[in-house]
Amino acid sequence: MFHKEGHKIIAITFILIAAGIIISQFYIDIYWLKTIIQVALLLVLVLILQFFRNPTRLTEISDENIIAPVDGKVVVIEEVFEKEYFKDKRIQVSIFMSPINVHVTRYALSGKIKFSKYHPGKFLVAWHPKASEENERTTVVINNPSYGEILYRQIAGALAKRIVNYAKEGDEVIQGTDAGFIKFGSRVDLFLPLGTDIKVALNDKVKGGIDIIAK
């Protein structure tokens, strides 16, 4: 199953690669060169397909658990001052996605979208300390009646050139469902209330929609 954000790119890639294979088959007489070109084209197709894969995840919905919004590696757990929305101290948990990770963003908690804003910006590498404030990004706040408000931020990386954000202010969303997509490398930051019981450690690998980040 592939994410809808990749359907157009997959179709175009398939057509171009099919054309490339046909052309190489009929117009290149050197066997080893023709083979290398065709294998390389097929590898490109495989990479595109794996990047836009959208595996089904069965989320155990709970107002007590904050689940991972994306697949990736936990690269930051620290107390910070969140100055865009809360304007106070929060616990930041950041998950870095490599190009081989699933890049679907999922809602970490059920609730109502209180804030959703897109910010144009730079394309620093996703693990850069200033990426959270200077890169292209979206900021979304979910209010859950039992838990309160949490903020997550989709951040474009050096390769990511488009962030897709489905969250609209006023929407009621369900934990684990599709919240967006970041194309070609990225990071997601979660900002949680002080005192939150964090259930992951640095360098842990997590799966979006399944693994519990905090309680």
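Residues numbered from 1 in each chain as written. Predicted model: local features only at pLDDT ≥ 70, side-chain atom pairs only at ≥ 80, totals over all residues. Heavy atoms only, no water.

The protein chain appears in an unreviewed UniProt entry as Phosphatidylserine decarboxylase family protein from Joostella atrarenae.

Core analysis: the biggest nonpolar cluster contains 30 residues, and Ile66, Ile150, Tyr152, Leu190 and Ile213 have the highest contact counts within it. Among the elements of the structure, β3 (88-97), β6 (137-144), β7 (148-156), β10 (178-183), β11 (186-192) and β13 (212-214) are those that each provide at least two residues to this core. With 4 residues, β3 is the largest single contributor of residues to this core. Excluding its chain neighbours within four sequence positions, the residues that come into contact with isoleucine 150 are Ile66, Phe86, Ala108, Leu109, Val140, Val141, Ile142, Leu190, Phe191 and Leu192. (Core = buried A, V, L, I, M, F, W, Y, C linked by side-chain atoms within 4.5 Å. Buried < 20%, exposed > 50% of the residue type's maximum accessible area, 1.4 Å probe, protein only. Helix = DSSP H or I, 4+ residues; strand = E, 2+ residues; numbered from the N terminus. Contact = heavy atoms within 4.5 Å.)

So, about helix α1 (residues 7-27). Look at α1: 30 Å from first C-alpha to last across 21 residues, which is about the 30 Å you get at 1.5 Å a residue. For α1, the complete set of buried residues consists of Ile10, Thr13, Ile17 and Ser24. Projected onto a plane normal to the axis of α1, the buried residues spread over an arc of 70° and lie on a single side. Across from the buried face of α1, at angles greater than 90 degrees, the exposed residues are Lys8, Ile15, Leu16, Ile23, Phe26 and Tyr27. (Expected span 1.5 Å × (residues − 1). Arc of directions from axis to C-beta.)

As summarised here, the arrangement of the 8 strands in space is β9-β5-β6-β7-β11-β3-β2-β12, forming an open sheet in which the pairing is antiparallel. For this open sheet the edge positions go to β9 (172-173) and β12 (205-206), each flanked by a neighbour on one side alone. Looking at chain direction, strand β5 (residues 111-119) and β9 are connected through 2 bridges and run antiparallel. The residue of β9 that forms the bridge with glycine 111 is valine 173. (Pairing = 2+ DSSP bridges.)

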